[in-house]
Number of protein chains: 2
Amino acid sequence: MKIGFIGLGIMGKPMALHLKAAGHEITVPERKSLDAELRGACTVAADATAVAAAAEVTIIMVPDTPDVEAVLFGPGGVAAGLSAGKLVIDMSSISPTATKDFAAKVRAKGADYLDAPVSGGEVGAKQASLTIMVGGSQAAFDRARPLFDKMGKNVTLVGDTGAGQTCKVANQIIVALTIEAVGEALVFASKAGADPAKVRQALMGGLATSRILELHGERMIKRTFAPGFRIALHQKDLNLALTSARELGVALPNTASTQQLFSACVAAGGGQLDHSGLVKALETMAAHPVAPDQD
Amino acid sequence: MKIGFIGLGIMGKPMALHLKAAGHEITVPERKSLDAELRGACTVAADATAVAAAAEVTIIMVPDTPDVEAVLFGPGGVAAGLSAGKLVIDMSSISPTATKDFAAKVRAKGADYLDAPVSGGEVGAKQASLTIMVGGSQAAFDRARPLFDKMGKNVTLVGDTGAGQTCKVANQIIVALTIEAVGEALVFASKAGADPAKVRQALMGGLATSRILELHGERMIKRTFAPGFRIALHQKDLNLALTSARELGVALPNTASTQQLFSACVAAGGGQLDHSGLVKALETMAAHPVAPDQD
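For clarity, every value in this text was computed on a predicted model and none was experimentally measured.

Things to note about the UniProt feature "domain: 3-hydroxyisobutyrate dehydrogenase-like NAD-binding" (unreviewed entry) in chain A
Here comes step 1: The feature "domain: 3-hydroxyisobutyrate dehydrogenase-like NAD-binding" (unreviewed entry), as given by UniProt, occupies residues 162-282 of chain A in the numbering adopted here.
Here comes step 2: A distance of 34 Å separates the end C-alpha atoms of residues 162-282 of chain A, which is 71% helix and 0% strand.

A word on helix α12 (residues 253-267) of chain A
Here comes step 1: For α12(A), spanning 15 residues, the distance from its first C-alpha to its last is 21 Å, which sits close to the expected 21 Å at 1.5 Å a residue.
Here comes step 2: When we look at burial in α12(A), the residues that qualify are A:Asn254, A:Thr255, A:Thr258, A:Gln259, A:Leu261, A:Phe262 and A:Cys265. Along α12(A), the residues classed as buried sweep out an arc of 160° about the axis, all on the same side. Facing away from the buried side of α12(A) by more than 90 degrees, the exposed set consists of A:Gln260 and A:Ala267.
Here comes step 3: Among the structural elements, α8 (163-191), α11 (231-248) and α13 (279-284) of chain A together with α8 (163-191) and α12 (253-267) of chain B are those in contact with the buried residues of α12(A).
Here comes step 4: Note on α12(A): the residue one or two positions beyond its end, A:Gly269, has a positive phi of about 85°.

Some thoughts on the pairing of strand β4 (residues 57-60) of chain B
Residues and elements named next belong to chain B.
Here comes step 1: Residues Val57 and Ile59 point to one face of β4 and Thr58 and Ile60 to the other, with burial holding for every one of them.
Here comes step 2: Bridging between strand β1 (residues 2-6) and β4 involves four bridges; their strand directions are parallel. Following the sheet pairing, phenylalanine 5 is matched in β4 by isoleucine 59.
Here comes step 3: Relative to strand β5 (residues 87-90), β4 runs parallel, the two being bridged by four bridges. For isoleucine 60, the partnering residue across the bridge sits in β5 and is aspartate 90.

Structural notes on the pairing of strand β6 (residues 112-115) of chain A
All names here are of chain A.
Here comes step 1: Examined bridge by bridge, strand β5 (residues 87-90) and β6 share four bridges and lie parallel to one another. The residue of β6 that forms the bridge with valine 88 is tyrosine 113.
Here comes step 2: For the crossover from β5 across helix α5 (residues 96-107) to β6, the handedness is right-handed.

Some points on the environment of B:Glu214
Residues and elements named next belong to chain B.
Here comes step 1: As for its placement among the helices and strands, glutamate 214 is situated in helix α10 (residues 211-222).
Here comes step 2: Sequence separation of glutamate 214 and glutamine 201 is 13 residues, and the distance between their C-alpha atoms is 8.8 Å.
Here comes step 3: Among all residues touching glutamate 214, those that are not within four sequence positions of it are Arg200 and Met204.

Comments concerning the packing of aromatic side chains
One pair of aromatic rings is described through two measures. These are the centre distance and the angle between the planes.
Here comes step 1: A full pass over the atoms with the stated rule returns four aromatic pairs over all chains.
Here comes step 2: Both rings, one in B:Phe141 and one in B:Phe148, keep their centres 6.2 Å apart while their planes meet at 35°; by these two values the pair is tilted. The exposure classification of B:Phe141 matches that of B:Phe148, with both residues buried.
Here comes step 3: Of note, A:Lys105 hangs over the ring of A:Phe73, and the distance from its end group to the ring centre comes to 5.0 Å.

Notes on the interface of chain A and chain B
Here comes step 1: Counting residues at the interface gives 65 residues for chain A and 65 residues for chain B.
Here comes step 2: Both sides together, the interface formed by chain A and chain B hides about 5200 Å², and carbon and sulfur atoms give 67% of it.
Here comes step 3: Looking only at chain A, the three residues that lose the most surface to chain B are A:Ile174, A:Phe188 and A:Leu207, adding up to 15% of its buried area.
Here comes step 4: At the surface where chain A touches chain B, the tally comes to 22 residue pairs in polar contact (both at pLDDT 80 or more).
Here comes step 5: Residue assignment for the side of chain A that touches chain B shows that the elements contributing at least two residues are β8 (130-135), β9 (152-159), α8, α9 (196-203), α10 (211-222), α11 and α12 of chain A.
Here comes step 6: Looking at the side of chain A that touches chain B, the element that brings in the most residues is α8(A), giving 20 residues.

Details of the UniProt feature "domain: 6-phosphogluconate dehydrogenase NADP-binding" (unreviewed entry) in chain A
Here comes step 1: Mapped onto this structure's residue numbering, the UniProt feature "domain: 6-phosphogluconate dehydrogenase NADP-binding" (unreviewed entry) falls at residues 2-159 of chain A.
Here comes step 2: Helix makes up 41% of residues 2-159 of chain A and strand makes up 26%, while its end C-alpha atoms are separated by 26 Å.

Some thoughts on the nonpolar core
Here comes step 1: A:Val199, A:Leu203, B:Val199 and B:Leu203 are the most contacted members of the largest nonpolar core, which totals 92 residues.
Here comes step 2: Beyond its immediate stretch of four places on either side in the chain, A:Leu203 contacts A:Ala208, A:Thr209, A:Leu213, B:Met133, B:Cys167, B:Ala170, B:Asn171 and B:Ile174.
Here comes step 3: Of all hydrophobic cores here, the second largest spans 35 residues; its members include B:Met15, B:Ile26, B:Ile59 and B:Ala140.

What about the pattern of salt bridges?
Any two side chains of opposite charge can pair, on the condition that their charged atoms come close.
Residue and element names in this part refer to chain B.
Here comes step 1: Going through the model one piece at a time under the given rule, you end up with 20 salt bridges over all chains.
Here comes step 2: Here arginine 39 makes a salt bridge to glutamate 30, at a shortest N to O gap of 2.7 Å.
Here comes step 3: Look at arginine 39 and you get partly exposed, because its relative accessible area is 36%.
Here comes step 4: Classification of glutamate 30 by relative accessible area gives partly exposed; the value is 37%.

Basis of the calculations
Residues numbered from 1 in each chain as written. Chains lettered and ligands numbered in written order. Predicted model: local features only at pLDDT ≥ 70, side-chain atom pairs only at ≥ 80, totals over all residues. Heavy atoms only, no water. UniProt positions renumbered as here; feature names shortened; annotations may be inferred. Helix = DSSP H or I, 4+ residues; strand = E, 2+ residues; numbered from the N terminus. Expected span 1.5 Å × (residues − 1). Buried < 20%, exposed > 50% of the residue type's maximum accessible area, 1.4 Å probe, protein only. Arc of directions from axis to C-beta. Contact = heavy atoms within 4.5 Å. Pairing = 2+ DSSP bridges. Right-handed = clockwise from strand over helix to strand, strands pointing away. Phe/Tyr/Trp six-rings, centres within 6.5 Å; stacked < 30°, edge-to-face > 60°. Lys NZ or Arg CZ within 6 Å of the ring centre and 35° of its normal. Buried area = accessible area lost by both parts, 1.4 Å probe. Polar contact = N/O pair within 3.5 Å; in protein donor to acceptor, adjacent residues only side chain to side chain. Core = buried A, V, L, I, M, F, W, Y, C linked by side-chain atoms within 4.5 Å. Salt bridge = Lys/Arg side-chain N within 4 Å of Asp/Glu carboxyl O.

This is the structure we're talking about:
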């Protein structure tokens, strides 16, 4: 299939190369940052308009809502290259509300639109093991499914347009609040004189079992706060959750307080730490780290 | 081994019967509530003093801190039957601070003491798959280990006296806050127009994966709030966490707000619901259930 790919960063590059390895033709827009590997594997077009004009399916993987808007509707953007029968897949993590607007404008060109944000990070992108949460029509999903299966493992059509982004917001809420939960538990245990490593070990296998207790609990204990997923990015995601919740009329009390803890981390210069570094904000409130920092 | 067992309720009865099935002699104190199965399997003694006098190891499994205190030090209590070389194992979930006092008094009699609270509930007790979190000496733990292995699967010596109870508090913090996290995510998704069942399915396998998302997420969606583990009991456990945290000088912001949500459930008459029913408090704040109630 002829695929356009826009946004070839830490996530997008391995995703595009998986599609290339599966036999697809990949077209990308010219950027000075394109490395030799990408120039060798892909056709380079002048801009996003040319990419979309050449491709049957155009995939977007950029950081935030304004970036997607610029890629789609800015000068030299995707929209100008669209025509009937083409498909746009936005795999960025952005606002569910804005997504509905973007999809309507794309459909007005006769093209179709899927929102398909991912979780699993850089490791998941490299290993083609991403979780992919999709919003849009069944027909568009069926058409894109073979592509998703080359980039991820747990691929779900969650619902109509925007449902993929809604699902990603739900994911970021659960991940942040579970990190916070594990943080409170380990700080409590440590302050009470118990060994947090033993506590974590004792809890694994029971009802407290989670991927977060396994991975992020260990990072808190071993003080390995190199990202991973940065606090500043997770803070952006919780802002998205709280903004959307306000629009919808939903109270998210622990999302709000966890966002404040991320803010405390950022204020203390920790915005570039892995999100497991949230525990440092809790430790400040206990004057007692889970374990000594190794600096 | 000669074992005394005090507290033969929903949890204690199957635990005692597993020990009997493994070939141990079980002595229990006379109670009108003892059923034919227990009377057939166990020797019945007059009171807890007689139980402790007859047993090498006395196991206690009662609801709360004052119950353990009464069993140990009340009239006809365990302490009066203790002598050098005996071992008391408290498998109830109680205060870590009170536990240190109880252990000191038991040791003054020449006996040893382990705190060994469990998680896994009635199902875990029946299937002998409990998680057992132990505080005390290595020697006492080694002596009790064969008994623990007949009642549970994940058995850990967490640390010194009280560390088992501290670990259980940590467990209850993580479980409550993860339920709350899943609740916020599913209410948000539902209010945003996505199908919460599809969202849960999409998130399973990713970083949001937890036993709680699997079990309690499903209960929220299917509206199956029969306990399970009752909100009123989990509220008791979070009170224990917050009281201990205040004594220790630790701030637990999301434990505090989650405790308030449990209080809202109790105020609305939901104290006897399964703890997954916490989602109802969040739904009230969104005026939108995850799915319709089935009554």
